[in-house]
Amino acid sequence: MAVQPNSAFSWTKSSYSGANACVEIAVPATTAIAVRDSKIPEGGRLTFGNSSWSSFVADVAAGTFDLS
């Protein structure tokens with residue numbers, strides 16, 4: 001599913017972002033998660049299937065991508 005820059009979805013910013021720019025997510029369909037840069041909301045979006053997104057979130061929670 002391609003998500004167009006002018007698509008109107010309910011975007012949610014990470015609660016960890018504070019005053020800093022961060023990524024935002026939306027759920028444009030029951031089978032997809034869309035991601036965009038909050039600094040450039042009219043810019044491009046990435047779309048992931050539910051299983052890919054779930055795997056990514058689980059890896060983040062497990063610390064897979066931690067730099068330390």
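The structure this text deals with has already been given above.
Now for a quick tour of the structure.

Calculation criteria
Residues numbered from 1 in each chain as written. Predicted model: local features only at pLDDT ≥ 70, side-chain atom pairs only at ≥ 80, totals over all residues. Heavy atoms only, no water. Helix = DSSP H or I, 4+ residues; strand = E, 2+ residues; numbered from the N terminus. Buried < 20%, exposed > 50% of the residue type's maximum accessible area, 1.4 Å probe, protein only. Contact = heavy atoms within 4.5 Å. Areas by Shrake-Rupley, 256 points an atom, 1.4 Å probe, with all protein chains shown as cover. Expected span 1.5 Å × (residues − 1). Pairing = 2+ DSSP bridges. Axes fitted to C-alpha atoms, helices over the stretch in contact; angles between N-to-C directions. Salt bridge = Lys/Arg side-chain N within 4 Å of Asp/Glu carboxyl O.

## Quick word on the overall build of the protein chain
Helix and strand counts for the protein chain come out as one helix and four strands. Put simply, the protein chain runs from its N terminus to its C terminus through helices and strands in the order β-β-β-β-α. Relative to its 68 residues, the protein chain shows a buried fraction of 24%. Long-range contacts, defined here as pairs at least 24 residues apart, represent 23% of the contacts in the protein chain between residues at least 6 apart. Carbon and sulfur atoms make up 57% of the accessible area of the protein chain, which totals about 4,800 Å².

## Notes on helix α1 (residues 50-62)
Between its first and last C-alpha atoms α1 spans 18 Å; for 13 residues at 1.5 Å apiece the expected length is 18 Å, and the two agree. Directly after α1, the chain includes G63, whose backbone phi takes a positive value near 85°.

## Topic: the sheet that holds strand β3 (residues 32-37)
Taken in spatial order, the four strands make up an open sheet running β1-β2-β3-β4, and their pairing is antiparallel. Strands with a single pairing partner mark the edges of an open sheet, and in this sheet they are β1 (12-13) and β4 (45-49). Here five bridges tie strand β2 (residues 23-29) to β3, and the two strands are oriented antiparallel to one another. Of the residues in β3, the one forming a bridge with V23 is D37. Sitting on the sheet, α1 is in contact with β2, β3 and β4, with an inclination near 95° to β4.

## Some points on the pairing of β2
Two strands pair when backbone bridges link them, and β1 and β2 are joined in this way by two bridges, in the antiparallel orientation. Paired with T12 across the two strands is I25, which belongs to β2. Here β2 folds back onto β3 in antiparallel fashion, the turn holding two residues.

## Some points on the pattern of salt bridges
Applying the stated criterion across every chain, the model contains two salt bridges. In this structure, E24 engages R36 in a salt bridge whose closest nitrogen and oxygen atoms are separated by 2.7 Å. Taken together, the residues E24 in strand β2 and R36 in strand β3 connect sequence positions twelve residues apart. With respect to burial, E24 and R36 carry one shared label: buried.

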